[in-house]
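# Fold and geometry: a report
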Amino acid sequence: MGEKSKVQLYDTTLRDGAQRSGISFSVEDKLKIAKRLDEIGIHFVEGGWPGSNPKDAEFFARARKLKFANATLVAFGSTRRANITAAEDDNLKALKESGTKVVTLVGKSWDLHVTEVLKTTLEENLRMISDSIHYLRRDGQTVFFDAEHFFDGYKRNKGYALRTVETAAKAGAECVVLCDTNGGALPHEVITAVKAAKKVGVPLGIHAHNDGELAVANSLAAIQGGVIQVQGTINGYGERCGNANLCSVIPALKLKMGIDCISDENLARLTEVSRFVSEIANMPPDPHLPYVGSSAFAHKAGLHVSGLMKHEESYQHIDPELVGNRRSVLVSELSGVSNIVYKAKELGLGIPKGERARAILKQIKSQEKQGFQYEGAEASFELLIRRTLPDYKPPFELVDFMVVVEKHRRAPRISARKEDMLSEAMVKIKVGDEVIHTAAEGNGPVNALDAAMRKALLQFYPSLSAVKLMDYKVRILEESDGTRSMVRVLIESSDGEQEWRTVGSSTNIIEASWIALADSLEYWLLRQGVIAPKKVTRRSN
Ligand SMILES: [Zn+2]
């Protein structure tokens with residue numbers, strides 16, 4: 001343990017992470033994320049750049065009033081401009097006024113950037129670093145120095161890159177963070193440069209971008225080399241290819257390198273935090289993210305699943321529960337009987353590995369041939385299994401339907417543009433011994449079908465009104481067939497508490513929708529424990 005146990009976690013989701021295209025956090029969003037990062041024990045939370053925009057200035061004004069249990073809030077900014085004093089620099093003033101205990105100051109360490117981008121002398125850049133750090137420290141702020149482009153600078157002009165680190169250390173920077181700003185460094189280069197910087201004798205940190213898909217590897221290499229602070233973002237958000245993903249760095253440190261940077265309980269909340277941040281960022285969670293993605297422990301091949309059942313560790317690198325994730329087994333045409341048995345067990349249905357399991361597998365394979373896919377539609381899969389149980393009684397049965405789509409015929413009001421297209425659906429549904437006909441209109445054929453189906457079922461199952469359609473996706477299979485193609489419809493539904501997904505497939509988009517819709521309602525009724533239809537006083541229609 002010793003020095004290694006002291007690695008500090010530094011999150012920059014709110015600044016560097018927000019640079020990812022498509023992300024725009026409101027002040028409220030940033031406060032929520034900062035609070036959550038504090039709760040799981042992140043040591044430093046960088047809130048933004050108070051000198052660069054009013055939104056970040058407002059964030060710091062409000063964040064100051066928050067009570068953090070673990071985290072220290074950090075403001076970010078750059079060293080003073082060339083040829084002025086630190087006190088004359090508005091950006092440094094804003095950093096001072098942000099009132100944070102810690103400031104991270106970014107400065108140049110690559111000579112090319114000093115002479116060609118800043119257009120100043122190498123000596124003046126060193127003075128800029130030194131003056132700025134002194135200026136902030138004078139009033140008691142702690143300074144971390146981000147040595148921008150350090151690894152590129154080290155490659156071209158070792159001496160100068162190291163002098164910037166030395167200058168920052170002498171001026172009193174508490175930590176000098178070596179940045180792979182362009183994200184192109186390789187792990188062995190990082191190790192060499194970290195070793196050289198270590199000789200300066202100041203605590204070091206690492207800030208790696210992911211342009212070579214090595215941000216996590218480079219961060220771990222730097223820590224192996226002795227840096228004590230690691231910077232990164234939740235889900236690896238960041239400009240271009242992103243930053244080092246803390247959701248991968250943290251478990252690697254804790255579970256694989258024996259570095260106790262976070263408690264066991266907080267590590268087990270990592271998956272939840274990853275999804276929380278993606279929700280706030282309005283980015284669909286990436287199912288294939290290591291450790292925290294929903295597919296990170298999803299097993300598909302039959303051989304793996306049969307191995308897993310014998311020995312949990314045989315086909316996964318960690319126990320998913322350690323990071324708050326869970327193992328899942330996918331069912332598809334690639335599956336073996338083991339997947340079916342496993343999956344059924346998860347659903348609380350004991351299906352032995354014999355005849356029944358093989359029959360279910362055969363049915364899945366034939367359904368997949370017809371365009372169904374159960375990997376993203378667990379609710380339909382559960383129904384498929386349940387329907388094979390000898391005593392299964394569906395809460396309703398579809399008998400038939402008819403959908404009419406008309407343009408103009410019944411809408412002489414041309415001015416009411418939205419209504420000149422009319423869809424109407426008629427459905428026949430059997431509940432118990434009764435067959436009900438209903439009809440409903442909708443803004444499109446699927447909407448009308450949904451309305452008619454509910455109208456019929458609500459008479460028996462009034463609680464069904466809680467079920468809402470959240471997402472409706474259509475995928476065309478075998479596109480070469482043009483309009484004759486097979487289509488697959490995926491529906492996501494919610495009752496406000498949980499979500500579930502169902503699938504339908506057909507050459508007819510309405511029929512595919514009808515199957516997926518019916519599965520969604522049937523699944524929910526089963527979950528509610530509604531097996532035999534309860535008669536509610538029926539209105540005649
Ligand atoms: Zn960065």
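Please read all numbers here as calculations on a predicted model, not as lab measurements.

## Describing the overall build of the chain
- Each helix and strand counted, the chain has 18 helices and 16 strands in total.
- Once the C-alpha set of the chain is aligned to its principal axes, its extents read approximately 90 × 65 × 50 Å.
- Taking contacts inside the chain between residues at least 6 apart in sequence as the whole, the part at least 24 apart equals 67%.
- Here the chain has roughly 25300 Å² of accessible surface; of this, 51% comes from carbon and sulfur atoms.
- The distance from the centre of the 72 positive side-chain charges to the centre of the 69 negative ones in the chain is 2 Å.

## Structural notes on empty space enclosed by the protein
- According to the stated counting rule, one finds one cavity of 30 Å³ or more in the structure shown.
- Put simply, the largest cavity is a space of about 30 Å³.
- In terms of lining, the largest cavity is formed by Val329, Leu330, Val331, Lys343, Tyr374, Glu375, Glu378 and Phe381.
- Its residues placed into classes, the lining of the largest cavity shows five nonpolar, no polar and three charged.

## What about the coordination of the zinc ion?
- The protein atoms that coordinate the zinc ion are Asp16 (OD), His207 (NE2) and His209 (NE2), at distances spanning 2.0 to 2.2 Å.
- Each donor residue of the zinc ion belongs to the same chain, with the gaps between them written as D-x190-H-x1-H. Linking aspartate 16 in the loop between strand E1 (8-11) and helix H1 (27-39) with histidine 207 in strand E7 (residues 204-208), this pair joins segments that are 191 residues apart in sequence.
- Judged by relative accessible area, which is 6%, aspartate 16 ranks as buried.

## Quick notes on the pattern of salt bridges
- Taken as a whole and assessed by the stated rule, the structure comprises 33 salt bridges.
- For the salt bridge of lysine 254 with aspartate 260, the shortest nitrogen-to-oxygen distance reads 2.7 Å.
- The exposure class assigned to lysine 254 is buried, which follows from its relative accessible area of 15%.
- Relative accessible area serves as the criterion here: at 45%, aspartate 260 is assigned to the partly exposed category.

## Some thoughts on helix H16 (residues 378-386)
- Among the nine residues of H16, seven are classified as buried, and the element is accordingly described as predominantly covered.
- Within the span of H16, buried status applies to Ala379, Ser380, Phe381, Glu382, Leu383, Leu384 and Ile385.
- Where H16 is buried, its residues meet helix H14 (337-346), helix H15 (355-369), strand E16 (499-506) and helix H18 (509-527).

## Things to note about the packing of helix H17 (residues 445-458) against H18
- Between H17 and H18, the least distance of the axes is 10 Å, while the angle of their chain directions is 35°. H18 is crossed by H17, and the crossing has right-handed handedness. Here H17 contributes Pro445, Val446, Leu449, Asp450, Met453, Arg454 and Leu457 to the contact with H18, which in turn contributes Ile510, Ser513, Trp514, Leu517, Ala518 and Leu521.
- Here the contact of H17 with H18 is composed, by residue class, of ten nonpolar, one polar and two charged.

## Some thoughts on the environment of proline 287
- For proline 287, the position within the fold is in the loop between helix H12 (270-281) and strand E9 (298-299).
- In this structure the C-alpha to C-alpha distance between proline 287 and isoleucine 129, which are 158 residues apart in sequence, comes to 42 Å.
- Apart from the residues lying within four places of it in its own chain, the contact partners of proline 287 are Gly293, Ser294, Ser295 and Ala296.

## Re the nonpolar core
- Counting residues in hydrophobic clusters, the biggest one holds 84 residues, and the most contacted among them are Phe150, Val176 and Leu253.
- Excluding residues that lie within four positions of it along the chain, leucine 253 makes contacts with Val7, Leu9, Leu220, Ile223, Val230, Gly258, Ile259 and Cys261.
- Judged by nonpolar contacts, the second largest core, of 37 residues, contains Ala425, Ala440, Val467 and Trp500.

## Details of the pairing of strand E5 (residues 142-148)
- Within E5, six of the seven residues are buried, leaving the element largely enclosed by the surrounding structure.
- Of the strand pairs in this sheet, E5 and strand E6 (residues 175-180) are connected by four bridges, and their pairing is parallel. Bridged to aspartate 146 within E6 is valine 177.

## Some points on the layout of surface pockets
- Quantified by volume, the largest pocket comes out at close to 1800 Å³.
- Lining the largest pocket are 43 residues, and of these Ser294, Glu375, Gly376, Glu378 and Arg501 lie nearest its centre.
- Where the lining of the largest pocket is concerned, the elements lending two or more residues are H12, H14, H16, strand E14 (468-477), strand E15 (486-494), E16 and H18.
- Of the volumes computed, that of the second largest pocket is approximately 670 Å³.
- In terms of lining residues, the second largest pocket is bounded by 36 residues, among which Arg15, Asp16, Trp49, Phe76 and Val106 are the most central.

## Some remarks on the packing of helix H8 (residues 187-198) against helix H9 (residues 215-224)
- For the pair H8 and H9, interaxial distance at closest approach is 9 Å and the crossing angle is 30°. Between H8 and H9, the crossing angle belongs to the class labelled roughly parallel. Of the two elements, H8 crosses H9, and the hand of that crossing is right-handed. Across from Pro187, Val190, Ile191 and Val194 in H8, the residues of H9 making contact are Ala217, Asn218, Ala221 and Ala222.

## Concerning unusual backbone geometry
- Residues other than glycine seldom take positive phi values, yet lysine 119 does so here, at roughly 55°.
- Tracing the chain through its elements places lysine 119 in the loop between helix H4 (111-117) and helix H5 (122-138).
- Among the residues examined, lysine 119 registers a relative accessible area of 62% and is labelled exposed.
- Of note in the backbone geometry, glutamate 213 takes a positive phi value of approximately 55° without being a glycine.
- Tracing the chain through its elements places glutamate 213 in the loop between E7 and H9.
- Assessed through its relative accessible area of 69%, glutamate 213 is described here as exposed.

## Description of the sheet that holds E1
- With parallel pairing, eight strands are arranged side by side around a closed barrel as E1-E2-E3-E4-E5-E6-E7-E8. Strand-to-strand, the axes of this sheet are offset by a mean angle of 25°, without reference to chain direction.
- Both E7 and strand E8 (residues 229-232) contribute to a ladder of three bridges, which runs parallel. Looking at the pairing, glycine 205 lines up with glutamine 229 of E8.

Parameters and conventions
- Residues numbered from 1 in each chain as written.
- Predicted model: local features only at pLDDT ≥ 70, side-chain atom pairs only at ≥ 80, totals over all residues.
- Heavy atoms only, no water.
- Helix = DSSP H or I, 4+ residues; strand = E, 2+ residues; numbered from the N terminus.
- Contact = heavy atoms within 4.5 Å.
- Areas by Shrake-Rupley, 256 points an atom, 1.4 Å probe, with all protein chains shown as cover.
- Lys, Arg positive; Asp, Glu negative; His and termini not counted.
- Charge placed at Lys NZ, Arg CZ, Asp CG, Glu CD.
- 1 Å grid on protein atoms, 1.4 Å probe; cavity = no way out; pocket = protein on both sides within 12 Å on 5 of 7 lines; lining within 4 Å.
- Points joined across faces, edges and corners; volume = space filled by probe spheres on them.
- Nonpolar A, V, L, I, M, F, W, Y, C, P; charged D, E, K, R; others polar.
- Donors = N, O, S within 2.8 Å, 3.2 Å for Na, K, Ca; no water.
- Buried < 20%, exposed > 50% of the residue type's maximum accessible area, 1.4 Å probe, protein only.
- Salt bridge = Lys/Arg side-chain N within 4 Å of Asp/Glu carboxyl O.
- Axes fitted to C-alpha atoms, helices over the stretch in contact; angles between N-to-C directions.
- Left-handed = near helix turned anticlockwise from the far one by under 90°.
- Core = buried A, V, L, I, M, F, W, Y, C linked by side-chain atoms within 4.5 Å.
- Pairing = 2+ DSSP bridges.
- Parallel < 35°, antiparallel > 145°, perpendicular 65-115°, else oblique.

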